[in-house]
Amino acid sequence: MPSQLTGEITTLDRDGVGVQAVFTWLGDRYGHSIYAVKAGRATPLLEAAPPPPLQEAVKHKLEDGRSSLLFTGSDGRYWSATLFTLSSVNFAILCFDFACRRKPNAELPSIAYALADGISATPVDDYAVKLRTRDGREFLLRSAELPTSIETASVRTCRLLLTQQVIRIEPLGSPHVSTRETVQWRYEVSAFAAG
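Please read these numbers as outputs of a predicted model, since none were measured by experiment. (Residues numbered from 1 in each chain as written. Predicted model: local features only at pLDDT ≥ 70, side-chain atom pairs only at ≥ 80, totals over all residues. Heavy atoms only, no water.)

Colleague: Just to check I follow, could you spell out the overall build of the protein for this structure?
Modeller: What the protein contains, in helices and strands, is zero helices and 15 strands. Within the protein, counting contacts between residues at least 6 apart in sequence, those at least 24 apart form 50% of the total. Just so you have it, the protein exposes about 10000 Å², and 50% of that area is on carbon and sulfur atoms. (Helix = DSSP H or I, 4+ residues; strand = E, 2+ residues; numbered from the N terminus. Contact = heavy atoms within 4.5 Å. Areas by Shrake-Rupley, 256 points an atom, 1.4 Å probe, with all protein chains shown as cover.)

Written out as structure tokens, the structure is:
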């Protein structure tokens, strides 16, 4: 029986500006939305559409005391995800770490997000999209690196494709694979303080 956690994970800088992910049970999986946060008020940025098949959830504390969320699920492929936060005085970052085990030569998995009303998106390059709220706050959705080895430490793990009101995140598959059947990728949503 799937666990039915309804929860959130939030990261804030010293000025109370940051990013939040909220998870809700949708009947057979967790849906999630990403919010911009300022002074305790949350503004919708992105909504997973459709959400990946994350069906089991566990809240977890990292060694340094930060909270993380762990997910697993299946749609014929085995998915796992870890969400954790990074923050300092000038930035707040929400990290999404995904892995998917699939049959050999099967299509790579992907994750798509619909832009919330009033959010504009501008591609920076194939690896990043700048998000802007109606009140002018800017956030960055970007591909991130996975710490797998010295040779691949600075290699991006996914690319971002922006089409109309949807951002699709596609893993690159290599060099961050332990087998041909398992693909790993990481992306981040960040808020940076002005000045």
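After that view of the structure, there is still more to cover.
Colleague: Sorry if this is basic, but what is going on with the packing of aromatic side chains here?
Modeller: For any pair of aromatic rings, the description consists of the separation of the ring centres together with the inter-plane angle of the planes. Following the criterion strictly, the structure yields nine aromatic pairs and no others. Ring centres of W25 and Y30 lie 4.9 Å apart, and the angle between their planes is 70°; this geometry places the pair in the edge-to-face category. There is no split in this pair, since W25 and Y30 are both buried. Ring centres of W79 and W185 lie 6.0 Å apart, and the angle between their planes is 75°; on these two criteria the pair is classed as edge-to-face. Within this pair, whereas W79 is found in strand β7 (residues 78-87), its partner W185 is found in strand β15 (residues 182-192), the two being separated by 106 residues in sequence. Residue class for W79 comes out buried when judged on its relative accessible area of 2%. (Phe/Tyr/Trp six-rings, centres within 6.5 Å; stacked < 30°, edge-to-face > 60°. Buried < 20%, exposed > 50% of the residue type's maximum accessible area, 1.4 Å probe, protein only.)

Colleague: Would you take a moment to explain the layout of surface pockets for this structure?
Modeller: Rolled over the atoms, a probe sized like a water molecule indicates the empty space that remains. Taken as a whole, the largest pocket spans an internal volume of roughly 300 Å³. R77, P109, S110, I111 and R168 are, among the 19 residues lining the largest pocket, the residues nearest its centre. The element contributing the most residues to the lining of the largest pocket is strand β14 (residues 166-171), with three residues. Here the lining of the largest pocket is composed, by residue class, of 11 nonpolar, one polar and seven charged. (1 Å grid on protein atoms, 1.4 Å probe; cavity = no way out; pocket = protein on both sides within 12 Å on 5 of 7 lines; lining within 4 Å. Points joined across faces, edges and corners; volume = space filled by probe spheres on them. Nonpolar A, V, L, I, M, F, W, Y, C, P; charged D, E, K, R; others polar.)

Colleague: What should I look at first to understand the nonpolar core in this one?
Modeller: Inside soluble globular proteins, nonpolar side chains tend to come together where they are buried. Counting residues in each nonpolar core, the largest one holds 41 residues, and the members touching the most others are F96, L131, W185 and Y187. The contacts of F96, once residues within four sequence positions are left out, are A21, H32, I34, T82, L83, Y113, W185, R186, Y187 and V189. (Core = buried A, V, L, I, M, F, W, Y, C linked by side-chain atoms within 4.5 Å.)

Colleague: Looking at this structure, I do not really get the sheet that holds strand β13 (residues 158-163). What am I missing?
Modeller: Pairing between the strands of a sheet comes from backbone hydrogen bonds, and it takes one of two forms, parallel or antiparallel. Reading across the sheet, the seven strands line up as β1-β2-β3-β4-β9-β14-β13 and stay open at both edges, with antiparallel pairing between neighbours. On the outer flanks of this sheet lie β1 (7-12) and β13, each paired with one strand and no other. On average, each strand axis in the sheet is inclined to that of its neighbour by 25°, with strand direction left out of account. Here strand β2 (residues 17-25) pairs with strand β3 (residues 30-38) via nine bridges, running antiparallel. By the bridge assignment for β3, A21 is matched with I34. (Pairing = 2+ DSSP bridges. Axes fitted to C-alpha atoms, helices over the stretch in contact; angles between N-to-C directions.)

Colleague: Just to check I follow, could you spell out the environment of F23 for this structure?
Modeller: In this fold, F23 is placed in strand β2. Spatially, the C-alpha atom of F23 lies 9.1 Å from that of I34, the residues being 11 residues apart in sequence.

Colleague: How should the pattern of salt bridges be read in this particular structure?
Modeller: A side chain with one charge may pair with a side chain of the opposite charge, provided their charged atoms come close. For the coordinates displayed, the defined rule picks out 13 salt bridges. The residue R132 makes a salt bridge to E138 at a minimum N-O spacing of 2.7 Å. Here R132 falls in the partly exposed class, since its relative accessible area comes to 38%. Through salt bridges with shared partners, a single network forms among R142, E145, R156 and E188. (Salt bridge = Lys/Arg side-chain N within 4 Å of Asp/Glu carboxyl O.)

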